[in-house]
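Each chain, letter by letter, is given below.
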Amino acid sequence: MKSRQSNAAAIAAAKAGFSTATAYRIEADPRLPSQKKRPRGRRRPDPLAEVWDSEIVPMLEAAPGIRAVAIFEEICRRHPEIVTGVRRTLERRIGKWRALYGPSRDVIFRQEYPPGRMGLSDFTDMGALGIMIAGARFDHRLYHLRLAFSGFEHAHVVLGGESFVALAEGLQNALWALGGVPEQHRSDSLSAAFCNLDRDAQEDLTRRYEKLCAHYGMTPSRNNRGVAHENGSIESAHGHLKNALGDELLLRGSRDFEDLTAYRRFIDEVVGRRNARNRKRIEIERAALKPLPDRRTADYEEARVLVTSSGGFILRRVFYSVPSRLIGHRLNVHLYDDRLDCFLGSTHLLTLRRGRPPQGSGKHGHVVDYHHVIHALRKKPMALLNLVYRDQLFPRRAYARAFEVLLAKACEKQACRTMVGLLALAHDRACEAELAHAIDADLDADCLPDLDRLRDCFKPDRAVIPDVAVELVPLSAYDELAAVYAPKTGSVLDGGVA
């Protein structure tokens, strides 16, 4: 075309390498070949022509969220003559109709937060990773906090559900690990914590959450219920953290951990490495954070319970055993996510593992320590036979296995006496683990545990009185000492010594 500006059409065509006729045709119609194509029409009849405007469009207008496959199945039921091969045609046409005439959709507005402005937290279920503790499946959640600007993360293992106690403990652990406080804290609607509460309890939980944020000088906020993208800065981070944990578990070669402490250490290591990659941005945000208060605030719930004649108390549908000397006393209990701290007045007595009632049943859970009741079982060994929390009384699987074998091969009275004797031996000699290994060895050899023999094996070593030879000092030695340390005598006369 540049050559045509200074030359005739024939010369320009020769320089461009095509004929003069082509040059005149291009000059007469300068459109590109792709612009000259006519829209491709149908080459066969439209299979949806009779039902599109009369049936399908009314369905879309009445129920905008209906799936295309549901419309297709309904049309096929109404008109059996429509072949199944038109499903993809229907899906494309419905997609085009929704783009032209469908309802408006929600718009996600991308946000940008300056350093120190926003921290977001939420709970995420970890069941898909298949974590095991000491060979048993460990169903749990993670409390996950993330700063919107720097990406700082903190994860805390939650044993129960989404509760205010778990939120308060996880949030405070995260803030003290971070070393500062953001201006705002956003969480989800805590719907799991609210779902079984009446209106007064919901308002009380809201006030407690607001007081928690006020203690740290944060402005509390929540996203609308069911609108996950409003908390997107933490929701998407859940998936990234789970993927990182999954990769680390594959590299580790096992999903089984020795105890809960080892698993929590594993979580901290993975999260720490992720934070190390964002160290520069985290340092920038730390400079913009507000200082921490002088102390933490309460991250537990308080309850007052009565220790009954059963040697324990019931709290949140779980029976907890305590030393029998506390029967009749009222205890103040601080409920954490994973433990209970028991106080008599202001004196701390003991810490108990927090239990959960069985899911899907009206039965109570039990957290029982055989050390608390063994002295009473010694007097009433037959009480073990039909004890409500018998299965939870045994500290290890070996003891439960021994009782099952004793019941099968001996009379009930002898089985209870032997089992109580084994528990008493473990209590008196502090040999719970060693005794469990010995019991397993006997059972593997198809022998019943011999209580007398085991008592001999775990009896304390006989004390040997040492032979001490005492050599008496002669009395004359004291006369010599008296002479050595006797005070000097003399008199002072006129400034001299006589």
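Everything discussed here concerns the structure shown above.
Note that the coordinates shown come from a computational prediction; the quantities given were computed from them, not determined experimentally.

So what exactly am I meant to see when it comes to helix α15 (residues 412–429) here?
Helical geometry: 3.6 residues make up each α-helical turn, so side chains three or four residues apart lie on a common side. Helix length check: α15 (18 residues) gives 26 Å between terminal C-alpha atoms against 26 Å at 1.5 Å per residue, within 8%. Every buried residue of α15 is accounted for by A415, C416, T418, M419, V420, G421, L422, L423, A424, L425 and A426. Elements in contact with the buried residues of α15: α12 (370–379), α13 (390–393), α14 (397–409), α16 (432–444) and α17 (451–457). Remark: A430 follows α15 within two positions and exhibits a positive phi of approximately 50 degrees.

Is there a simple way to explain the packing of aromatic side chains in this structure?
Two aromatic rings are characterised by how far apart their centres lie and by the angle between their planes. For the structure shown, the criterion picks out 9 aromatic pairs. Judged by centre distance (5.9 Å) and plane angle (85 degrees), the ring pair of F138 and Y263 falls under edge-to-face. One end of the pair, F138, is in the loop between β3 (136–137) and β4 (141–147); the other, Y263, is in helix α10 (residues 260–277), with 125 residues separating them in the sequence. The burial state of F138 is the same as that of Y263; both residues are buried.

What should I look at first to understand the sheet that holds strand β15 (residues 365–367) in this one?
Sheet strands associate in pairs through backbone hydrogen bonding, adopting either a parallel or an antiparallel arrangement. Spatial ordering of the open sheet is given by β10-β11-β15, a layout of 3 strands whose pairing is mixed. Of all the strands in the sheet, the pair left with one neighbour each is β10 (312–315) and β15. Across this sheet, the average inter-strand angle for adjacent strands is 20 degrees, counted without regard to direction. By the bridge criterion, 4 bridges tie β10 to strand β11 (residues 318–321) in an arrangement that is antiparallel. Bridge pairing in β11 places I314 opposite F319.

Help me understand the pattern of salt bridges in this model?
Oppositely charged side chains can form a pair if their charged atoms are brought close together. All told, the structure shown has 26 salt bridges when counted by the stated rule. Between R316 and E301 there is a salt bridge whose closest N-O contact spans 2.6 Å. A residue pair is termed long-range when its members are at least 10 positions apart, and R316 in the loop between β10 and β11 and E301 in strand β9 (residues 301–306) qualify at 15 residues. By relative accessible area, which is 45% here, R316 ends up partly exposed. For R390, the salt bridge identified is with D391, shortest N-O distance 3.9 Å. Each of the salt bridges in this network shares a partner with another, and the network as a whole consists of E55, E74, R77 and R78.

Conventions used here
- Residues numbered from 1 in each chain as written.
- Predicted model: local features only at pLDDT ≥ 70, side-chain atom pairs only at ≥ 80, totals over all residues.
- Heavy atoms only, no water.
- Helix = DSSP H or I, 4+ residues; strand = E, 2+ residues; numbered from the N terminus.
- Expected span 1.5 Å × (residues − 1).
- Buried < 20%, exposed > 50% of the residue type's maximum accessible area, 1.4 Å probe, protein only.
- Contact = heavy atoms within 4.5 Å.
- Phe/Tyr/Trp six-rings, centres within 6.5 Å; stacked < 30°, edge-to-face > 60°.
- Pairing = 2+ DSSP bridges.
- Axes fitted to C-alpha atoms, helices over the stretch in contact; angles between N-to-C directions.
- Salt bridge = Lys/Arg side-chain N within 4 Å of Asp/Glu carboxyl O.

Shape is all these values report; function is a separate question.
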